[in-house]
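Take a look at the letters that make up each chain.
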Amino acid sequence: MNGGEALDLAREAMWVLVTMAAPVMLVGLTVGVVIGILQALTQIQESTLVFVPKILAVFAALILFMPFMAASMSGLMTVIVQKIVAQ
């Protein structure tokens, strides 16, 4: 494997990482913003109020997106194994 192939493999691995993490992070961000807006509207300034809904939403998103994440990781592993076998 030369340097260009290694860079391509690293770029693909980073892309898989981003596509796996993005849905869960967006759910956490959305829940945090919604709770923050509700806190601002109701003037409830409890700092721990955000954590429980955010944890539950992220856990639900992990369960929901787990098949997609597994397929992404499986695809990357298939590419890696094919590159190993080709050598």
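Computed from a predicted structure; not experimentally measured.

Each value, and the rule that gives it
- Residues numbered from 1 in each chain as written.
- Predicted model: local features only at pLDDT ≥ 70, side-chain atom pairs only at ≥ 80, totals over all residues.
- Heavy atoms only, no water.
- Helix = DSSP H or I, 4+ residues; strand = E, 2+ residues; numbered from the N terminus.
- Rg over C-alpha atoms; globule rule 2.2 N^0.38 Å.
- Buried < 20%, exposed > 50% of the residue type's maximum accessible area, 1.4 Å probe, protein only.
- Areas by Shrake-Rupley, 256 points an atom, 1.4 Å probe, with all protein chains shown as cover.
- Bend = angle between axes of the 7 residues up to and from the residue.
- Contact = heavy atoms within 4.5 Å.
- Expected span 1.5 Å × (residues − 1).
- Core = buried A, V, L, I, M, F, W, Y, C linked by side-chain atoms within 4.5 Å.

A word on the overall build of the chain
Piece 1. When its secondary structure is counted, the chain shows 2 helices and 0 strands.
Piece 2. For 87 residues, the compact-globule estimate of 2.2 N^0.38 gives 12 Å, and the chain exceeds it by more than 25% at 19 Å.
Piece 3. Projected onto the principal axes, the alpha-carbon positions of the chain cover approximately 65 × 25 × 15 Å.
Piece 4. A burial count over the chain gives 17% of its 87 residues as buried.
Piece 5. Of the roughly 6,400 Å² of accessible surface on the chain, a fraction of 77% belongs to carbon and sulfur atoms.

Side note on helix α2 (residues 51-86)
Piece 1. Remark: the principal bend of α2, roughly 55 degrees, maps to F65, with a proline, P67, within the next four residues.
Piece 2. All of the buried residues along α2 are A57, A61, M69, S72 and L76.

What about the environment of E12?
Piece 1. Mapped onto the secondary structure, E12 falls in helix α1 (residues 3-42).
Piece 2. Linking E12 and L76, residues 64 residues apart in sequence, is a C-alpha distance of 7.7 Å.
Piece 3. In this view, E12 contacts L76 and V79; residues no more than four positions away in its chain are not counted.

Observations regarding the environment of A86
Piece 1. Along the chain, the position of A86 falls in helix α2.
Piece 2. For A86, a relative accessible area of 68% corresponds to the exposed category.

Digging into α1
Piece 1. With 40 residues, α1 extends 56 Å between its outermost C-alpha atoms, agreeing within 8% with the 58 Å of an ideal straight helix rising 1.5 Å per residue.
Piece 2. The principal kink in α1, of about 35 degrees, is found at A22, preceding the proline P23 by one to four residues.
Piece 3. All buried positions along α1 are accounted for by L9, V16, M20, P23, V24, G28, G32, I35 and Q39.
Piece 4. The inward-facing, buried residues of α1 contact α2.
Piece 5. Just past α1, the residue Q43 takes up positive phi, approximately 60 degrees.

Thoughts on the nonpolar core
Piece 1. In this structure, V16, M20, V24, A61, M69 and L76 together form the largest nonpolar core, which totals 6 residues.
Piece 2. For A61, the contacting residues outside a window of four places in its chain are V24 and V27.

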